[in-house]
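Take a look at the letters that make up each chain.
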Amino acid sequence: IRVSPDKKTFALADKSGYCSVWDIDTYKLAFYFQSGNESLFFLNYLKKSNSILAGNYDPVLSRWNATTGKKELTYGSHNERLAALQLSKDEKYILTASRDGVVRKMEAATGKIVFHKKLFNNQWATSVDFSANDSLFVVAGGRASSVVFNAEGGDETTLSDASGSYESFSKFSPNGKYVLHD
């Protein structure tokens, strides 16, 4: 469930790929849309463009008008299911990762892919995150490894956990100085 920036509506995702948008004051359905055929796992309002970003497992990522429910853009699909998705704090970029270990950074406004790389062989990416000032991003993969990049996708640094346990996520600390990884 996500509440709109103006606090007038909320969006609710379901396991069949539908998103319903409801009026907060009247609890009446404003509209709904279907974004793919599998569970919506990511739903977020984009304040700057008055739209809703909806990500599915199947691997559909789309942007919808938050007032009308009309589709505005379908972003380039991955070859495998989406496993992780994150919007930059300034809403300029979207990070996605898929089960085949491919990570993409796209312009939120146009869908243009500005970074594309297969990071993990025979394992899938499990989480992505931007630092507090969007200058870095981190990608976590199975088998306890994470990779940190600068904003352009360069200066790659690999972090590993000697235990070899499954990597569930990596996130930046609120101050952006540390990578928390579990």
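What you are looking at is a predicted structure, and each value in this text was computed from that prediction instead of being measured.

**Some details on the nonpolar core**
Residues Ala-97, Val-103, Leu-119, Val-128, Phe-137, Val-139 and Phe-149 are the most contacted members of the largest nonpolar core, which totals 13 residues. Contributing elements (two or more residues each) for this core: β10 (93-98), β13 (125-130), β14 (136-141) and β15 (145-150). The element best represented in this core is β13, accounting for 3 residues.

**Some thoughts on the pairing of strand β9 (residues 82-87)**
In terms of residue burial, β9 counts as a mostly covered element, since 6 of its 6 residues are buried. By the bridge criterion, 5 bridges tie β9 to β10 in an arrangement that is antiparallel. In the sheet register, Leu-82 faces β10, and the bridge partner there is Ser-98. Two successive antiparallel strands, β9 and β10, enclose a turn made up of 5 residues, where Glu-91 displays a positive phi of approximately 65 degrees.

**A short note on the pairing of strand β4 (residues 29-34)**
Examined bridge by bridge, strand β3 (residues 18-23) and β4 share 5 bridges and lie antiparallel to one another. Bridge pairing links Tyr-18 to Gln-34 in β4. From the end of β3 to the start of β4, which pair antiparallel, there are 5 residues, and Tyr-27 there has a positive phi angle of about 60 degrees.

**Regarding the sheet that holds strand β1 (residues 2-3)**
On the basis of which strands lie adjacent, the open sheet formed by 4 strands has the order β1-β2-β3-β4 and antiparallel pairing. Strands with a single pairing partner mark the edges of an open sheet, and in this sheet they are β1 and β4.

**Quick word on the confidence of the model for the protein chain**
Counting all residues, the mean pLDDT for the protein chain is 82, and 86% of those residues have values of 70 or more. At the low end of the mean pLDDT range in the protein chain sits strand β16 (residues 157-160), at 68; at the high end sits β3, at 94.

**Some remarks on the packing of aromatic side chains**
Under the criterion given, the structure shown has 4 aromatic pairs. Relative to Trp-64, the ring of Phe-33 has its centre 4.0 Å away and its plane inclined at 15 degrees; by these criteria the two rings are stacked. Taken together, the residues span a long stretch of sequence, with Phe-33 in strand β4 and Trp-64 in strand β7 (residues 61-65) at a distance of 31 residues. An aromatic cluster is built from Phe-115, Phe-130 and Phe-137, whose rings are joined through pairwise contacts. The ring of Tyr-93 carries Lys-105 above its face, with NZ or CZ at 4.3 Å from the centroid.

What counts and what doesn't
- Residues numbered from 1 in each chain as written.
- Predicted model: local features only at pLDDT ≥ 70, side-chain atom pairs only at ≥ 80, totals over all residues.
- Heavy atoms only, no water.
- Core = buried A, V, L, I, M, F, W, Y, C linked by side-chain atoms within 4.5 Å.
- Buried < 20%, exposed > 50% of the residue type's maximum accessible area, 1.4 Å probe, protein only.
- Helix = DSSP H or I, 4+ residues; strand = E, 2+ residues; numbered from the N terminus.
- Pairing = 2+ DSSP bridges.
- pLDDT = per-residue confidence, 0-100.
- Phe/Tyr/Trp six-rings, centres within 6.5 Å; stacked < 30°, edge-to-face > 60°.
- Lys NZ or Arg CZ within 6 Å of the ring centre and 35° of its normal.

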